[in-house]
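Letter by letter, the chains look like this.
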Amino acid sequence: MAAPHAVVGVEEGSSETSLVMSDSTTGDVKRPLFGTRFLTDPRQVFQHNAWDNVEWSEEQEASARKKVLENNQPLPTEKQEEYDSRANEFWNGFYTIHENRFFKDRHWLFTEFPELAPQCSLNHESRLEVSDSDDGQQESLDQEHRREVATDADILGSSATYRILEVGCGVGNTVFPILKTNNDPGLFVYCCDFSSTAVELVKSNPEYDPGRCFAFVHDLSDVEANYPVSDGTLDVIVLIFVLSALHPNKMQESISRLARLLKPGGVMLLRDYGRYDMAQLRFKKGRCLSENFYVRGDGTRVYFFTQDELHEMFTEAGLEKVQNLVDRRLQVNRGKQLTMYRVWIQCKYRKARAQPLETKDQDRGEDPPGLTVT
């Protein structure tokens, strides 16, 4: 359930501020590095489309806080309940109208979250045992295998060695870049969305490969609903602009449920709206559902987080912080001479790795099995 944003066709978290680097020894162009364009002279603000790590003045933050307080009168309870009960209808309506034209593919994710392409740097090494003469034959066999009618167990990635789940996949703007970029033969990607319309759009995409991916309808807020994987089996869970679409009262249980799916050492990756983002400041009166939680004109909802709120949720779910940062960017419309301040939060939280039995015994003051100290 990827969330809509202020400007059609501009992906959340993306910008033109990346710096393309090349390897002088090979001539290969590396992936762009984000966060490398800084506005040091305000007179140059319209020289580029976006600027990274923009500092807010105290006056600017106070103005944003005041604007949010002016528009925080919540709608009547019955209206809030209506938006909650009809959430599926509103998201299906969104994807029926926009189909796959609203978002761009999120290629920036591999820079921000290299965990989504863990084998890319090893692909050459992993294929060294395949000779040049066998290479084309192997590719042909791989394609033939993908076209075979698989059993249910195969479809669900039972033989995979690296499993990724994206929750709120929308029409596949994260899933398909992962499948194209990460050619690890052991990779399997699960993806789900609240909207059945979105899931059907994923499945009808020519790049959808049931041998490497499984798309299904799922309500993240329904913690009793089953996932097609067992607890403790996922390497990565991806949440890109999706947690903010849930009712705040349902967020903690949803994160805790997802955390159980991670294997020891597995990570949960999140990018979502931050407090005082431009989208929050643009809401008019009559759109507030509760504090920092709003309804858009199309009936879909959005919450704006702080770092502390997300940290509390992840740690309550038993995960350890790897990263929790605020990404403040200044996007510019040079044609209209407009500036737009975006605020996103990016998080990585890891499930603790399993402690070796010997260490556990030592922590309890016990001797390891088979060892007796006299």
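Throughout what follows, the structure given in this document is the object of discussion.

## Topic: the overall build of the protein
- Helix and strand content of the protein: 13 helices and 11 strands.
- Within the span of the protein, comprising 374 residues, buried residues form 44% of the whole.
- The contacts of the protein with a sequence gap of at least 6 include a subset with a gap of at least 24, amounting to 74%.
- Working note: accessible area of the protein is about 19300 Å², and carbon and sulfur atoms make up 48% of it.

## A closer look at the side chain of Arg271
- Relative to the assigned elements, Arg271 resides in strand E6 (residues 262-273).
- For Arg271, a relative accessible area of 0% corresponds to the buried category.

## Focus on the sheet that holds strand E9 (residues 301-303)
- Strand order across the open sheet formed by 3 strands is E7-E8-E9, with antiparallel pairing between neighbours. Of all the strands in the sheet, just strand E7 (288-290) and E9 have a single pairing partner and so form its edges. Here the strands of the sheet are splayed against their neighbours by 30° on average, with no regard to which way each runs.
- As judged from the 2 bridges shared by E7 and strand E8 (residues 293-295), these two strands associate in the antiparallel manner. Bridging from a neighbouring strand, Ser290 pairs with Phe293 of E8.

## Some points on the packing of aromatic side chains
- Per the stated rule, a full pass over the model turns up 10 aromatic pairs.
- With a centroid separation of 4.6 Å and 5° between ring planes, the pair formed by Phe283 and Tyr294 is classed as stacked. Taken together, the residues Phe283 in the loop between helix H11 (278-281) and E7 and Tyr294 in strand E8 connect sequence positions 11 residues apart.
- Since its relative accessible area comes to 2%, Tyr294 is described here as buried.
- Taken together, a centroid distance of 4.5 Å and an interplanar angle of 20° make the contact between Phe314 and Tyr349 stacked. One end of the pair, Phe314, is in helix H12 (residues 307-316); the other, Tyr349, is in strand E11 (residues 338-351), and 35 residues separate them in sequence. Comparing Phe314 with Tyr349 shows no difference in burial state: the two are buried.
- Put simply, the rings of Phe241, Tyr273, Phe283, Tyr294 and Phe304 pair up and form one aromatic cluster.

Calculation rules
By convention here, each chain's residues receive numbers from 1 onward along its written sequence. Local features are withheld for residues below a pLDDT of 70 in this predicted model, meaning they are given only at 70 or higher, and side-chain atom pairs are given and counted only at 80 or more; totals for whole chains, interfaces and linings count all residues. Side-chain numbers come from the whole structure's heavy atoms, not from hydrogens or water. Numbering goes from the N terminus for both helices and strands, where a helix is a DSSP run of H or I of at least four residues and a strand is a run of E of at least two. Working definition: with a 1.4 Å probe on protein chains only, accessible area under 20% of the residue-type maximum means buried, over 50% means exposed, and in between means partly exposed. Any two residues whose heavy atoms approach within 4.5 Å are treated as being in contact. The method behind every accessible area is Shrake-Rupley, applied with a 1.4 Å probe, and residues are considered shielded solely by the protein chains displayed. Here, a strand pair is defined by DSSP locating no fewer than two bridges between the strands. Each axis is a line fitted through C-alpha atoms, and for a helix only the stretch in contact is used; angles between axes span 0 to 180 degrees, taken between their N-to-C directions. Pairing of aromatic rings covers Phe, Tyr and Trp, the last through its six-membered ring, and needs centres within 6.5 Å; plane angles under 30 degrees mean stacked, over 60 mean edge-to-face, and all others mean tilted.

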